[in-house]
Structure formats: C-alpha cells, structure tokens
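# Fold and geometry: a report
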Amino acid sequence: ALEQWSTLAMDAPPGTPWLPAVTDRIRQTASELGEDIEDYLPAQPGQTRDNVAVAANLSPEEQQDMIRSMIGRLASRLESEPDNVEGWRRLAQSYEVLGEPDHAAEAYAKALALEPNHLETLLRAGLAAASAQDRTAARGYFERLLGFLPKDSDAYRTVSEAIGRLNPVNTAN
C-alpha cells in the first residue's frame, strides 16, 4: 500500500490540493513500518507545511474524496494518452488500493494490450480479475503467466494451484 500511495503522489502535479493528505498517509505508514520516509515521498516544490496541516484536518471521507478525484484525473488523462503503459499500471494499482478489483482488472487489461508479456502485470491482472469474480479472465492471465515460468519452480506450482482454485466446482445434485 505504501508503494501505491507513493505512486499516486508522484503522479500528482505540484500544488494539487489533495497531495498533502496522501503525503501525510505516506509519512504515517512509512513511520509505522520503519521505512525511510524519503524513499516514498515525491519531490513536489509546491508542497508546504500549511497544505499538509490543512489536509491533516480533513475527515477521512474528505481525504477519500480527494484521492478519488486524483484517480479520476489520472483515468481522464489516460484516455488522451492511451499508450501510457505505466499510467495504466498506476491506475490499476490505485483501484486496488480503493478495493475496486473490477476497475483494476480493466486498467491491467489496457496495460497488457500495450505490453502483453509483462510478468508482474499478468500476475496482478489475474489477481484483480479473480477478486472481481471473473474466473475466465483470471484463468487466462495465469495460464499465460505459466508459459514464462520454469516448470520446476515454486512460482509455477503456486500459479498452477491458483488456476486449480479457479476451475468450476462440480455441483452435481
């Protein structure tokens, strides 16, 4: 989650009003995990302590609204930049953070259309599709992923097991 918040913040233009809320979340989470905060914070010249203080006073609902607004702007920007594979991955990860696997799966599908053999994206697309209850898509992503993995590896066995769990259960009555 920390990396995903960081990605959201790094994609934000300087002075974005919701950015202080996200950077505050990054600071808090990094501190709780014992991580170096500077590894996750974007270098934003327009960010001030006053902006961070204002965002810290927002309710969780207001902070969530700001984050959703930022994700909406990223999605809109990608409509005019459809070949931005990293942007589609960031958008998918953002939807994962929000708990919207169906939207995440759609964004991963767009990233895979641009770079079909990206292993991490295949894995994440499969997981998102499975979370969205799209067993057919999840199985397809995982089966493609298997083609890149050594058959004697733990990764191959793990993905094979995931495919097995996606197969329909016999429901003979």
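Residues numbered from 1 in each chain as written. Predicted model: local features only at pLDDT ≥ 70, side-chain atom pairs only at ≥ 80, totals over all residues. Heavy atoms only, no water.

## Some remarks on unusual backbone geometry
Its identity is not glycine, yet Gln133 carries a phi of approximately 65°, on the positive side. Relative to the helices and strands, Gln133 is located in the loop between helix H7 (119–131) and helix H8 (135–146). The class of Gln133 is exposed, set by a relative accessible area of 61%. (Helix = DSSP H or I, 4+ residues; strand = E, 2+ residues; numbered from the N terminus. Buried < 20%, exposed > 50% of the residue type's maximum accessible area, 1.4 Å probe, protein only.)

## Section: the side chain of Arg89
Among the structural elements, Arg89 can be located in helix H5 (residues 85–98). Residue Arg89 is classed as buried on the basis of its relative accessible area, which comes to 7%. If near-sequence neighbours (up to four positions away) are discounted, Arg89 is found in contact with Tyr108, Ala111, Glu115, His118 and Thr121. (Contact = heavy atoms within 4.5 Å.)

## Observations regarding the pattern of salt bridges
Should the charged atoms of two oppositely charged side chains come close, the side chains can pair. Inspection of the entire model under this criterion finds eight salt bridges. Of the charged contacts in the structure, one is a salt bridge between Arg68 and Glu100, with a shortest N-O distance of 2.6 Å. Within this pair, whereas Arg68 is found in helix H4 (residues 60–80), its partner Glu100 is found in the loop between H5 and helix H6 (101–114), the two being separated by 32 residues in sequence. Where Glu81 meets Arg77, a salt bridge forms, and the shortest distance between an N and an O atom there is 3.5 Å. Taking the relative accessible area as the measure of exposure, Glu81 reaches 32% and is therefore partly exposed. A residue is classified by how much of its surface remains accessible, and Arg77, at 27% relative accessible area, is partly exposed. Within the structure, one salt-bridge network assembled from shared partners comprises Glu86, Arg89 and Glu115. (Salt bridge = Lys/Arg side-chain N within 4 Å of Asp/Glu carboxyl O.)

## With respect to the packing of helix H1 (residues 2–10) against H5
Put simply, H1 and H5 touch, their axes get as near as 10 Å, and they point 125° apart. Judged by the inter-axis angle, H1 sits oblique to H5. The handedness of the crossing between H1 and H5 comes out as left-handed. Contacts from Gln4, Trp5, Thr7 and Leu8 of H1 reach H5 at Arg90, Gln93, Ser94, Glu96 and Val97. By residue class, the composition of the contact of H1 with H5 is three nonpolar, four polar and two charged. (Axes fitted to C-alpha atoms, helices over the stretch in contact; angles between N-to-C directions. Parallel < 35°, antiparallel > 145°, perpendicular 65-115°, else oblique. Left-handed = near helix turned anticlockwise from the far one by under 90°. Nonpolar A, V, L, I, M, F, W, Y, C, P; charged D, E, K, R; others polar.)

## Let's talk about the environment of Ala132
Its place among the elements puts Ala132 in the loop between H7 and H8. Separated by 28 residues in the primary sequence, Ala132 and Ala104 place their C-alpha atoms 8.9 Å from one another. Not counting residues within four places of it along the chain, the set of residues in contact with Ala132 comprises Pro101 and Asp102.

## Section: the nonpolar core
Within the largest apolar cluster, 45 residues are counted, with the highest numbers of intra-cluster contacts made by Val22, Ile26, Ile67, Ile71, Leu91, Phe142 and Val159. Mapped by element, the contributors of at least two residues to this core are H1, helix H2 (19–33), H4, H5, H6, H7, H8 and helix H9 (154–166). In terms of residues, this core owes the most to one element, H4, which gives seven residues. Once residues within four sequence positions are removed from consideration, Leu91 is found in contact with Ile71, Leu74, Ala75, Leu78 and Ala107. (Core = buried A, V, L, I, M, F, W, Y, C linked by side-chain atoms within 4.5 Å.)

## Here we look at H8
When the terminal C-alpha atoms of H8 are compared, their 16 Å separation across twelve residues agrees well with the 16 Å that a helix rising 1.5 Å per residue should span. Those residues of H8 that fall on the buried side of the exposure criterion are Ala138, Arg139, Tyr141, Phe142, Leu145 and Leu146. Relative to the axis of H8, the buried residues are bounded by an arc of 165° and lie together on one face. Packed against the buried residues of H8 are H6, H7 and H9. (Expected span 1.5 Å × (residues − 1). Arc of directions from axis to C-beta.)

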